[in-house]
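One letter stands for each residue in the lines below.
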Amino acid sequence: MSSEARPEEGTIRVEVAYALPERQTLLAVSLPAGSTAGEAIEASGVRERHPEIDLAQQSVGVFGQVVGLDTALGDGDRVEIYRPLKVDPKQARRNRAAGQGRGKGRGQGRGCGRGQGGCGAEGKGRATPRSSGS
């Protein structure tokens, strides 16, 4: 049993987290056992501190796993409110790949950075005479 006293029997302690690029808000709340992620968010007051939070558009999770607002919480859980992505991850990769195509990017020009022989084991990629095995 933990030496840290619980506020009262039938109560859980959880944290509600919301992070912006420049700062993070982490609020601890005590709730009745069986409370949900949505109830924890409301009880924490995080939406008053961050009025831009729109739970109809943003996902929430518990320790990195996306959950619904009606998900029951356990003692010690951390409810996280995720900001919407500014760019779709697939599109971001396409944009980065398109930018590498200009000039000498990775894999172009002088091999792959492993000497003059190319991208493999010693001698691979070089023209070498072969002897006939007869």
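Residues numbered from 1 in each chain as written. Predicted model: local features only at pLDDT ≥ 70, side-chain atom pairs only at ≥ 80, totals over all residues. Heavy atoms only, no water.

1. Description of the environment of Arg83
Okay, so step 1: With respect to the helices and strands, the residue Arg83 is situated in the loop between strand E5 (78-81) and helix H3 (89-100).
Okay, so step 2: Remark: the alpha-carbon pair of Arg83 and Gln58, spanning 25 residues in sequence, is separated by 6.2 Å.
Okay, so step 3: Among all residues touching Arg83, those that are not within four sequence positions of it are Tyr18, Ala19, Leu20, Pro21 and Gln58.
Okay, so step 4: Separated by 2.6 Å, the side chain of Arg83 and the backbone oxygen of Ala19 make a polar contact. (Helix = DSSP H or I, 4+ residues; strand = E, 2+ residues; numbered from the N terminus. Contact = heavy atoms within 4.5 Å. Polar contact = N/O pair within 3.5 Å; in protein donor to acceptor, adjacent residues only side chain to side chain.)

2. Topic: the sheet that holds E5
Okay, so step 1: Strand order in the open sheet formed by five strands is E2-E1-E5-E3-E4, and the pairing between neighbours is mixed. Looking along the sheet, the strands with just one partner apiece sit at the ends: strand E2 (24-32) and strand E4 (65-67). Ignoring which end each strand starts from, the neighbouring axes of this sheet average 30° apart.
Okay, so step 2: Of the strand pairs in this sheet, strand E1 (residues 11-19) and E5 are connected by four bridges, and their pairing is parallel. Opposite Tyr18, over in E5, you have Ile81 as the bridge partner.
Okay, so step 3: This element, helix H1 (residues 37-44), spans E1, E2, strand E3 (60-62) and E5 of the sheet and lies at about 115° to E2. (Pairing = 2+ DSSP bridges. Axes fitted to C-alpha atoms, helices over the stretch in contact; angles between N-to-C directions.)

3. Details of the confidence of the model for the chain
Okay, so step 1: On average, residues of the chain carry a pLDDT of 80, and 69% of them reach 70 or more.
Okay, so step 2: This model gives residues 107-111 a pLDDT under 50, and the stretch forms four contacts once residues within four places in sequence are excluded.
Okay, so step 3: Confidence drops under pLDDT 50 across residues 117-126; counting only partners more than four residues distant or on other chains, this segment forms six contacts. (pLDDT = per-residue confidence, 0-100.)

4. Section: the pattern of salt bridges
Okay, so step 1: Per the stated rule, a full pass over the model turns up two salt bridges.
Okay, so step 2: For Glu42, the salt bridge goes to Arg47, with nearest N and O atoms at 2.8 Å.
Okay, so step 3: The partly exposed category is assigned to Glu42, whose relative accessible area is 43%.
Okay, so step 4: Judged by relative accessible area, Arg47 falls into the partly exposed class, the value being 31%. (Salt bridge = Lys/Arg side-chain N within 4 Å of Asp/Glu carboxyl O. Buried < 20%, exposed > 50% of the residue type's maximum accessible area, 1.4 Å probe, protein only.)

5. As for a positive patch on the surface
Okay, so step 1: Residues Lys90, Arg93, Arg94 and Arg96 make up a contiguous surface patch of positive charge.
Okay, so step 2: For Lys90, the location among the structural elements is in helix H3.
Okay, so step 3: Among the residues examined, Lys90 registers a relative accessible area of 51% and is labelled exposed. (Patch = residues over 30% accessible without salt bridge, like charges linked within 9 Å, V, L, I, M, F, W, Y side chains within 5 Å. Areas by Shrake-Rupley, 256 points an atom, 1.4 Å probe, with all protein chains shown as cover. Lys, Arg positive; Asp, Glu negative; His and termini not counted. Charge placed at Lys NZ, Arg CZ, Asp CG, Glu CD.)

6. Section: the nonpolar core
Okay, so step 1: Core analysis: the biggest nonpolar cluster contains 19 residues, and Ile41, Val46, Leu73 and Ile81 have the highest contact counts within it.
Okay, so step 2: Of all the secondary-structure elements, those providing two or more residues to this core are E1, E2, H1, E3 and E5.
Okay, so step 3: Here the element with the most residues in this core is E1; it accounts for four residues. (Core = buried A, V, L, I, M, F, W, Y, C linked by side-chain atoms within 4.5 Å.)

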